[in-house]
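Next come the chains, spelled out residue by residue.
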Amino acid sequence: MISFDYTPALKFISSEEIAAIEPQVATAAKLLESHTGAGPEWLGWLDLPTKYDRAEYKRIKAAAKRIRKQSEVLVVVGIGGSYLGGKAGLEFCMPTPALPIRGGRKKHFDVVFTGTNLSADYHAQVIEAIGERDFSVNVISKSGTTTEPAIAFRIFKQKLEEKYGKASAAHRIYATTDKARGALKILADREGYETFVVPDDVGGRFSVLTAVGLLPLAAAGIDVDALLRGAADARLAYKKPLAENACYQYAALRNILRNKGKEIEILANYEPRCHYIAEWWKQLYGESEGKDGKGIFPASVSFTADLHSMGQYIQDGRRIVFETVLEIERPQMELLVPKAEDDLDGLNYLAGKSLDYVNKKAAEGTRMAHIDGGVPNLTISIPEATPYYLGQLFFFFEKACAISGYLLGVNPFDQPGVEAYKKNMFRLLGK
């Protein structure tokens, strides 16, 4: 199982504070498990790892196999919860290097994400990158009318129909949407697209273990059986009391720190493959807790790179932050520091040591410095970067988010504030 270590924060938190919050955590957990807290109509994600639609899951895997057979590129169209979970899972399990090298591969399957912005340059570059390769589209939207993905879908639907003809293009479009209503559902039924369901009781930011995340991940070749197995094991493990429950401990500790004036949580990582986990996490916690003038502000950094940019502020800036560090215990690969004959850079003392060893010592040294500077540290340890542990991590953060929202006194499952910008945008566009 993934583990949680809050001992580095005990310099800032007393055992009395932990004991005092324990009854509140137990109450929040009871409200959640009994569906008697705020937002009970949005709790479908809670039992999703074990109570999912087996027939649809079988269709998801069949569609993923068909996509890989018919195409070299899958264009995923979605925004927010409709893409962040899939993108996070893809980058965690199959990270894309900064400069992809495809030499020697007869065929390489790519998953690209669009509809996440309104940039003409970005979408034109995606079209250019696809080039003459065969491609399919997975459009993800419960309503089908969200501006950014709706525009992107128009563009890529047109490209498909120009390339393959209207009838053949329909067999390359996969719609993940509402089961019964909405513009996208109407279009899919009319045109004959294969459809998958965004469940009515699962909000977008909690939807990664539905077809929203599972179809792109399965198409990329990721073991979604293992992903769901990890989430199912987490579902069972995270029903225990606070003293035995890493998920509840994380929710409790971050709220204790909030009560002590730590208003910003920085999710830090030392592995680039965790970058989009942080992006997914920011939406999950930002939309769930940021309401009624409350909430911990979720931010993220990627170390060691950001130690050269954000490190100064974290070390010496306002003391309103705490860090939660994502740590991968065992890397998939080993790379040793070579020895140089002249040793001009003075690094021969590291010769023969693994890069992972150096990385972990950097993390340890940074943690010590930040704690000494007044920044509490929490650590979430992931044994390996595999789909199984990713499933655990997704569920860990989702349930901790729900418990944390109840501790905060908000409904963690609605998002009334996100409609404000849309009203202004539609007015300015003349809708």
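As the structure is a computational prediction, the values presented were derived from the model and not from experiment.

A.B. asks: With reference to specific residues and values, describe the packing of aromatic side chains.
C.D. replies: For the structure on display, the rule yields 22 aromatic pairs. Seen from their ring centres, Y83 and F113 are 5.9 Å apart, and the 55° between their planes marks the pair as tilted. Of this pair, Y83 sits in the loop between β2 (73-77) and α3 (84-93) while F113 sits in strand β3 (residues 110-114), and the two are 30 residues apart along the sequence. Y83 sits in the buried class, given a relative accessible area of 15%. On the numbers, 5.5 Å between centres and 75° between planes, the contact of F396 with F397 is edge-to-face. You'll find F396 and F397 in the same group, each marked buried. Taken together, the ring pairs in this structure connect F4, Y6, Y238, Y250, W280, W281, Y285, F394, F396 and F397 into an aromatic cluster.

A.B. asks: A description of the sheet that holds strand β1 (residues 3-5) should follow, citing residues and the corresponding values.
C.D. replies: Taken in spatial order, the five strands line up as β1-β10-β9-β7-β8 in an open sheet, and their pairing is mixed. Unpaired on one side and paired on the other, β1 and β8 (297-302) mark the two borders of the sheet. Each adjacent strand pair in this sheet contributes to an overall mean axis angle of 20°, direction not counted. Here six bridges tie strand β7 (residues 264-269) to strand β9 (residues 321-330), and the two strands are oriented parallel to one another. From the neighbouring strand, I266 faces β9, where its bridge partner is E323.

A.B. asks: Requested: an account of the pattern of salt bridges, with residues and values cited.
C.D. replies: Inspection of every chain in the model, using the stated rule, returns 28 salt bridges. In this structure, R235 engages D47 in a salt bridge whose closest nitrogen and oxygen atoms are separated by 2.9 Å. You can see R235 sitting in helix α9 (residues 224-237) and its partner D47 sitting in the loop between α1 (15-33) and α2 (54-70), a full 188 residues away along the chain. A cluster of three or more residues bridged by salt bridges with shared partners is formed by K142, D178, K179, R181 and D200.

A.B. asks: Tell me what's going on with the pairing of strand β6 (residues 194-197), and back it up with residues and numbers.
C.D. replies: Sheet topology places strand β5 (residues 173-177) next to β6; four bridges connect them, and they run parallel. Residue pairing for β6: T177 is matched across the bridge by V197. Tracing the backbone out of β5, into helix α7 (residues 183-191) and back to the parallel element β6 gives a crossover that is right-handed.

A.B. asks: I'd like to hear about the packing of helix α10 (residues 246-259) against helix α14 (residues 387-408), residue by residue, with values.
C.D. replies: In the contact formed by α10 and α14, the axes pass within 8 Å of each other and the chain directions differ by 40°. By the angle class used here, α10 and α14 are oblique. With respect to the hand of their crossing, α10 and α14 are arranged in right-handed fashion. For the pair α10 and α14, contact is made by A246, C247, Y248, Y250, A251, A252, R254, N255 and R258 and by F396, F397, K399, A400, I403, S404, L407 and L408, respectively. Looking at the contact of α10 with α14 residue by residue, the class counts come to 12 nonpolar, two polar and three charged.

A.B. asks: An account of unusual backbone geometry is needed here, citing residue identities and associated values.
C.D. replies: Residue F303 is joined to T304 through a cis peptide bond whose omega torsion reads 10°. Note that T304 resides in the loop between β8 and α12 (311-316). At H35, a residue that is not glycine, the phi angle is positive and equals roughly 60°. Looking at the element boundaries, H35 is found in the loop between α1 and α2. Relative accessible area serves as the criterion here: at 36%, H35 is assigned to the partly exposed category. Not every positive phi belongs to a glycine, and D292 is a case in point at roughly 55°. For D292, the position within the fold is in the loop between α11 (275-289) and β8.

A.B. asks: Requested: an account of the pairing of β7, with residues and values cited.
C.D. replies: Remember that side chains alternate between the two faces of the sheet whenever the strand is regular. Within β7, five of the six residues are buried, which leaves it mostly tucked inside the rest of the structure. Note: β7 against β8, six bridges, orientation parallel. Within β8, the residue paired with E265 across the bridge is P298. Taking the sense of rotation as the criterion, the β-α-β connection linking β7, α11 and β8 turns out right-handed.

Cut-offs used in this document
- Residues numbered from 1 in each chain as written.
- Predicted model: local features only at pLDDT ≥ 70, side-chain atom pairs only at ≥ 80, totals over all residues.
- Heavy atoms only, no water.
- Phe/Tyr/Trp six-rings, centres within 6.5 Å; stacked < 30°, edge-to-face > 60°.
- Helix = DSSP H or I, 4+ residues; strand = E, 2+ residues; numbered from the N terminus.
- Buried < 20%, exposed > 50% of the residue type's maximum accessible area, 1.4 Å probe, protein only.
- Pairing = 2+ DSSP bridges.
- Axes fitted to C-alpha atoms, helices over the stretch in contact; angles between N-to-C directions.
- Salt bridge = Lys/Arg side-chain N within 4 Å of Asp/Glu carboxyl O.
- Right-handed = clockwise from strand over helix to strand, strands pointing away.
- Parallel < 35°, antiparallel > 145°, perpendicular 65-115°, else oblique.
- Left-handed = near helix turned anticlockwise from the far one by under 90°.
- Contact = heavy atoms within 4.5 Å.
- Nonpolar A, V, L, I, M, F, W, Y, C, P; charged D, E, K, R; others polar.

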